[in-house]
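Here are the chains, one letter per residue:
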Amino acid sequence: MAPVVKIGSLPSYIEQTVMLEGWLYNKRSSGKIQFLQLRDGTGLVQCVAVKSEVGDEVFAECASLTQESSVRVEGVVRADERAPSGVELVVQRVEPVQIAQEYPITLKEHGVDFLMDHRHLWLRVPKQAALMRIRAHIQRAITEYLDGQGFTRVDPPILTPSSCEDTTELFQTTYFDEEAYLTQSGQMYMEAAAMSLGKVYSAGPCFRAEKSKTRRHLIEFWMVEPEMAYVEHEENLRVQESLVSHVVTHVLNHCEEELRTLNRDISALAKVPGTFPRMSYDEAIAWLQKKGFDIKWGDDFGAPHETELAGQFSQPVFIERYPTELKAFYMQPDPNRPEVVLCADMLAPEGYGEIIGGSQRIHDYDLMKQRFAQHKLPEDTYDWYLDLRRFGSVPHSGFGLGLERTVAWIAGIEHIREAIGFPRTLYRLYP
RNA sequence: UCCUCGAUAGCUCAGCGGUAGAGCAUCCGGCUGUUAACCGGAGGGUCGUAGGUUCGAAUCCUACUCGGGGAGCCA
């Protein structure tokens, strides 16, 4: 019995007899020769069955295989310059595992709606598989980096009693006799954990019931939220640029094949690692005004503004110190200019928009209490959050990195929905 | 919520007032080096739903349903 090996490792089995276990990606045939394109999750290889060599029975078995049929194939590995991957398998024996019915996703074009309805099958095509691998590598690079920097992963709850901000965008559910909501951010819990462990992060799903229909939005998305005690604004930004640089470098080093499958412009990614450019909100407004945009100090940026701002740079850019009024209640005011907060958004280049939002948090009890009143937040549900300012409060900072936006940018895809296995988009809960 | 575009064969689309079409997929036949293989043949349709205009509607009008893209908001 020939050893079972993975397609990705075939180059080290030249002239040996091996068994492959996979699925038929495509088949081309003539009267007396068939080319079976087999995939197994590690790669794609062409298996050649010649009628005069394998005999009528095996040849007929090959002919019976339909697109996406599962099959074991035994044969001899052969180096061949005509093969895209440099190797082929000369078929000796095939063992159909299951003959697939007429497969819905052909090698031709399909519309978004159809593909989304068949997401469970769409994942099998090389491009989607490459995206899942890149996503996994990005997650690995993130946790590798943070773990290496002394962060401790702490998992916040998914079911929460109330929101971090306002409640209109929350998915409501019940918790026995109480109202409960699906989390839209683990940040407040991370602040609590940081007061115990110093540097912490979470990496998990967030849910926002926003009626957003754009290529940058998902209803359920994954966010990485580091939080650091005794860390102020400046260091917060350095951690962010260092993390993102590490992630991009990791993908460049580990996902060359996947990036090629996706036709990603690798030279653009290679320019990313390093120190990122910065603009203050003030500078950004002035720059936009000079460009002819009708915008004044105190206005928030829209998508066209962000695209224009990020378009100046080949690296992600920080836009920092936004007006206090525009930002979340927990953000620390700049001590020299209380009308702005010590925050920054990181905008990805090439028009991918915001991938990180972060800030230094308010650590003063009285100021936080005042913000609660201004934002009419119910003190009973947030009392534990105020406790963090009652018992050994320290300056601290953190940020949230949108995983799918980061994947979409690094992979160079058009739409964020392909950056997650089973996307939840507006009005789509299937499959 | 608003703006905008769309819905015709299993899929991608053409047809835009006068007999329902093509490519791919499927099935049959041919082909010993194919690369989304190719060549020949066959089957396949309540033209999203409901109403209206008209001698006649896939085509024009209205409403609805479902979906795409975008805005706001955000990661």
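To keep things clear, this report deals only with the structure shown in the data block. None of the values given here were measured: they were computed from a predicted structure.

1. Regarding the protein's contact with RNA strand B
Around RNA strand B lies a shell of 54 residues, among which Asn 26, Arg 28, Glu 88, Arg 208 and Arg 215 are the nearest. Arg 82 places a side-chain nitrogen or oxygen 3.5 Å from a base nitrogen of RNA strand B. Here a phosphate oxygen of RNA strand B sits 2.9 Å away from a polar atom, N or O, in the main chain of Gly 111. Taken together, the elements giving at least two residues each to the surface near RNA strand B come down to β1 (17–29), β2 (33–39), β3 (44–50), α2 (112–117), β11 (220–229), α10 (303–310), β17 (353–361) and β18 (396–402).

2. Re the sheet that holds strand β6 (residues 152–153)
Here eight strands make up an open sheet; going across it, the order is β6-β10-β11-β18-β17-β16-β13-β12 and the pairing mixed. Pairing within the sheet leaves two strands with one partner each, and these edge strands are β6 and β12 (278–280). Pairing analysis gives two bridges linking β6 to strand β10 (residues 199–207), with the strands arranged parallel. Its bridge partner being in β10, Thr 152 is matched across the sheet by Val 200.

3. What to know about helix α9 (residues 281–290)
Each α-helix turn comprises 3.6 residues. Residues three or four places apart therefore point the same way. Inspection of α9 places Tyr 281, Ala 284, Ile 285, Trp 287 and Leu 288 among the buried residues, and these make up the whole buried set. Taken around the axis of α9, the buried residues stretch over an arc of 165°, which confines them to a single face. At its buried positions, α9 is contacted by β12, α10 and β13 (317–320). Immediately beyond the C-terminal end of α9, within one or two residues, lies Gly 292, with a positive phi of roughly 95°.

Rules behind the numbers
Residues numbered from 1 in each chain as written. Chains lettered and ligands numbered in written order. Predicted model: local features only at pLDDT ≥ 70, side-chain atom pairs only at ≥ 80, totals over all residues. Heavy atoms only, no water. Near = heavy atom within 4 Å. Polar contact = N/O pair within 3.5 Å; in protein donor to acceptor, adjacent residues only side chain to side chain. Helix = DSSP H or I, 4+ residues; strand = E, 2+ residues; numbered from the N terminus. Pairing = 2+ DSSP bridges. Buried < 20%, exposed > 50% of the residue type's maximum accessible area, 1.4 Å probe, protein only. Arc of directions from axis to C-beta. Contact = heavy atoms within 4.5 Å.

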